[in-house]
Amino acid sequence: MPLSEQEQRLLDEMERHLMHNDADVVSAARNGRTLSYRNIVYGTILVLLGLGALVIGVSTQLVVVGVLGFVAMLGGVVLAVTPTRGTPVVPTDKPHRAPASPQPSASFMDRMNDRWDRRNEDR
């Protein structure tokens, strides 16, 4: 079912607003630090093991096991959310090929918006 003109205008306005706000987030500098999926997985496993230890410690009334479980959970969260250094870019002797895109600095979302606009113009 096609959208009415008012719905289409509202959708376009929401899209522009979202793109404006997301562009600020995407272009924010990270200083070469990113989240590591490996650390996220290890942290999640550690949180789950700590939660299990906490439940066992509470159910058996062993305070030491409960405290160790809580410490493991805390360590897992810290491990999962701590950013790591990105891998350094090593220059190679091979010449770089020129990108096929006419706008090499355009972000993924900018290219998607351009495609969407061209697609709507063709209709």
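Nothing here was measured: the structure is a model prediction, and the numbers come from that model. (Residues numbered from 1 in each chain as written. Predicted model: local features only at pLDDT ≥ 70, side-chain atom pairs only at ≥ 80, totals over all residues. Heavy atoms only, no water.)

**Notes on the overall build of the chain**
Stated precisely, the cut-off is as follows: Under the DSSP-based scheme used, a helix requires at least four consecutive residues in state H or I and a strand at least two consecutive residues in state E, with every element numbered from the N terminus. Buried residues are those whose accessible area, probed at 1.4 Å on protein chains only, stays under 20% of the maximum for their type, while exposed residues exceed 50% and partly exposed ones sit between those limits. Throughout, the Shrake-Rupley method with a 1.4 Å probe supplies accessible areas, and for residues the shown protein chains are the sole cover considered.
The helix and strand tally for the chain stands at four helices and two strands. Taken from the N to the C terminus, the helices and strands of the chain come in the order α-β-α-α-β-α. The burial tally for the chain puts 11% of its 123 residues in the buried class. When the accessible surface of the chain is split by element, carbon and sulfur atoms take 64% of a total near 10,900 Å².

**Things to note about the side chain of Asn113**
Short version of the rule: Note on definitions: a residue-residue contact is assigned when non-hydrogen atoms from the two residues lie within 4.5 Å.
Following the sequence through the fold, Asn113 ends up in helix H4 (residues 108–122). The exposure class assigned to Asn113 is buried, which follows from its relative accessible area of 19%. Every residue in contact with Asn113, bar those within four places of it in the chain, is listed here: Glu15 and Met19.

**As for a nonpolar patch on the surface**
Let me state the cut-off plainly: For patches, a residue must show more than 30% relative accessible area and have no salt bridge; joins then use 9 Å for like charges and 5 Å for nonpolar side chains, namely Val, Leu, Ile, Met, Phe, Trp and Tyr. What counts as a salt bridge is simple: a side-chain nitrogen of Lys or Arg found within 4 Å of a carboxyl oxygen of Asp or Glu.
Nonpolar side chains collect at one region of the surface, where Val41, Tyr42, Ile45, Leu46, Leu49 and Leu79 lie side by side and expose about 540 Å² of accessible area between them. Here the element with the most residues in the nonpolar patch is helix H2 (residues 37–59); it accounts for five residues. Here Val41 lies in helix H2. Using a relative accessible area of 46% as the deciding quantity, one classes Val41 as partly exposed.

**A look at the confidence of the model for the chain**
To be explicit about the condition: Confidence scores here are pLDDT values: one per residue, from the predictor, ranging 0 to 100.
Of the residues in the chain, 72% reach a pLDDT of 70 or more, and the chain-wide mean stands at 78. No element of the chain has a lower mean pLDDT than strand E1 (residues 33–34), which averages 74, and none a higher one than helix H3 (residues 63–81), which averages 94.

**Overview of the packing of H2 against H3**
As a reminder, the rule being used: Interaxial angles span 0 to 180 degrees and are taken between N-to-C directions of axes, which are lines fitted to C-alpha atoms, for helices over the stretch in contact. Oblique is the label for any angle not under 35 degrees, not over 145, and not in the 65 to 115 range, which are roughly parallel, roughly antiparallel and roughly perpendicular in turn. Should the near helix be turned counterclockwise from the far one by less than a right angle, the crossing is left-handed, whereas a clockwise turn marks it as right-handed. Charged residues are taken to be Asp, Glu, Lys and Arg, nonpolar residues to be Ala, Val, Leu, Ile, Met, Phe, Trp, Tyr, Cys and Pro, and polar residues to be all remaining types, Gly included.
Contact geometry of H2 with H3 gives a least axis separation of 7 Å together with a crossing angle of 165°. Classed by the angle they form, the pair H2 and H3 counts as roughly antiparallel. Crossing angle aside, the handedness with which H2 passes H3 is left-handed. The residues of H3 that touch H2, namely those facing Asn39, Ile40, Tyr42, Gly43, Leu46, Val47, Gly50, Leu51, Ala53, Leu54 and Gly57, are Val65, Gly66, Gly69, Phe70, Ala72, Met73, Gly75, Gly76, Val77, Leu79 and Ala80. In terms of residue class, the contact of H2 with H3 is built from 14 nonpolar, eight polar and no charged.

**Section: H2**
Condition: Here, expected helix span is obtained from the residue count minus one, scaled by 1.5 Å.
Under the 1.5 Å per step criterion, the end-to-end length of H2 is 33 Å for 23 residues, consistent within 8% with the ideal 33 Å. Taken together, the buried positions of H2 are occupied by Asn39, Gly43, Gly50 and Gly57. Elements that come into contact with the buried residues of H2 comprise H3 and strand E2 (84–85). Once H2 ends, the next one or two residues include Gln61, with phi positive near 60°.

**Side note on the layout of surface pockets**
Our working definition: Cavities and pockets are defined on a 1 Å grid built over the protein atoms alone: a cavity is a set of grid points where a 1.4 Å probe fits but cannot escape, while a pocket is an open set with protein on both sides within 12 Å along at least five of seven lines, and lining residues are those with an atom within 4 Å of any such point. Grid points are joined across faces, edges and corners, and a volume is the space filled by probe spheres set on the points.
Volume-wise, the largest pocket comes out at about 190 Å³. Lining the largest pocket are Asp12, Glu15, Arg16, Met19, Asn113, Trp116, Asp117 and Asn120. The set of elements that each furnish at least two residues to the lining of the largest pocket consists of helix H1 (5–26) and H4. Residues of the lining of the largest pocket, tallied by class, amount to two nonpolar, two polar and four charged.

**A short note on the side chain of Asn39**
Structurally, Asn39 can be placed in helix H2. Asn39 sits in the buried class, given a relative accessible area of 17%.

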